[in-house]
Amino acid sequence: MNSFIELLRNRRSIRRFTEQTVEPEKIEYLKKAILMSPSGKRRNEWEFIMVQDKNTLTQLAGCKEHGVELVAKAPLAFVILADTTQTDIWIEDCSIASIILQLAAESLDLGSCWVQCRLRGQQDGTPSEDYIRQLLQIPDHFAVLNLVAIGYKNETRKSFEDEKLQWDKIHEEKF
Ligand SMILES: Cc1cc2nc3c(=O)[nH]c(=O)nc-3n(C[C@H](O)[C@H](O)[C@H](O)COP(=O)(O)O)c2cc1C
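This text gives an overview of the structure that appears in the document. (Residues numbered from 1 in each chain as written. Predicted model: local features only at pLDDT ≥ 70, side-chain atom pairs only at ≥ 80, totals over all residues. Heavy atoms only, no water.)

### Here we look at the site of the ligand
Stage number 1. In the region of the ligand, 13 residues are neighbours, and Arg12, Ser13, Arg15, Lys64 and Gly67 sit closest.
Stage number 2. Contact between the ligand and arginine 11: an oxygen atom at 2.9 Å from a side-chain N or O atom of the residue.
Stage number 3. The separation between a nitrogen atom of the ligand and a polar main-chain atom of glycine 67 is 2.8 Å.
Stage number 4. Contact with the protein chains removes 61% of the 610 Å² of surface that the ligand exposes when unbound.
Stage number 5. Residue composition of the shell around the ligand, by class: 5 nonpolar, 3 polar and 5 charged. (Near = heavy atom within 4 Å. Polar contact = N/O pair within 3.5 Å; in protein donor to acceptor, adjacent residues only side chain to side chain. Areas by Shrake-Rupley, 256 points an atom, 1.4 Å probe, with all protein chains shown as cover. Nonpolar A, V, L, I, M, F, W, Y, C, P; charged D, E, K, R; others polar.)

### Side note on the sheet that holds strand 2 (residues 76–83)
Stage number 1. Taken together, 4 strands build an open sheet; the order of strands is 1-2-4-3 and the sheet is antiparallel. Of all the strands in the sheet, just strand 1 (46–51) and strand 3 (110–116) have a single pairing partner and so form its edges. Each adjacent strand pair in this sheet contributes to an overall mean axis angle of 25°, direction not counted.
Stage number 2. Across 7 bridges, the pairing between strand 3 and strand 4 (residues 142–152) is antiparallel. Counted as the bridge partner of tryptophan 114 is valine 148 from strand 4.
Stage number 3. Sheet contacts for helix 2 (residues 24–35): strand 1, strand 2, strand 3 and strand 4; angle to strand 1, the most-contacted strand, approximately 165°.
Stage number 4. Where helix 4 (residues 90–107) meets the sheet, its contacts fall on strand 1, strand 2, strand 3 and strand 4, and the angle it forms with strand 4 comes to roughly 5°. (Pairing = 2+ DSSP bridges. Helix = DSSP H or I, 4+ residues; strand = E, 2+ residues; numbered from the N terminus. Axes fitted to C-alpha atoms, helices over the stretch in contact; angles between N-to-C directions. Contact = heavy atoms within 4.5 Å.)

Below, the structure written as structure tokens:
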């Protein structure tokens, strides 16, 4: 069992996945993990759409121009969305759930990548959020923050090294 710091050290964005599907028990573990994410005032305004259908994954990969191609080749993606009428801090809550999902995936030796949707759009100017809302029949008062693509790793990324961390980003007592 890896320690938490090793988990963080090894988590890198993975954009190439093998054909292998993610086993149901691993999917169950991921679901459990996101549902335990902290949220402001425990509003739990987030919702998650789990997509495994190849055709839908390919369509999701059309939500913006760049940085989304990997979704078409992933065996699994979670769409992270929130009911924005419930709280003004849905971006924070959804971001936390997303990183929890990524770390949970890493703990299962699965690779993952965050794909930004909020404030992104297609070439013709259609917001990625609107495209996804229509594709997945999401009600209008839900905002889509991002996708998290997940699968077995088909690329090797370097782990973080202590010496190369930006230690100067951390200030003591004053800036
Ligand atoms: C808020 C956020 C948005 C991101 N959006 C994308 C994206 O749209 N497409 C993509 O391929 N990677 C995306 N990434 C992954 C980053 O590019 C990646 O985390 C960064 O390059 C650092 O690499 P690492 O995750 O391997 O440490 C995003 C990551 C974050 C945290």
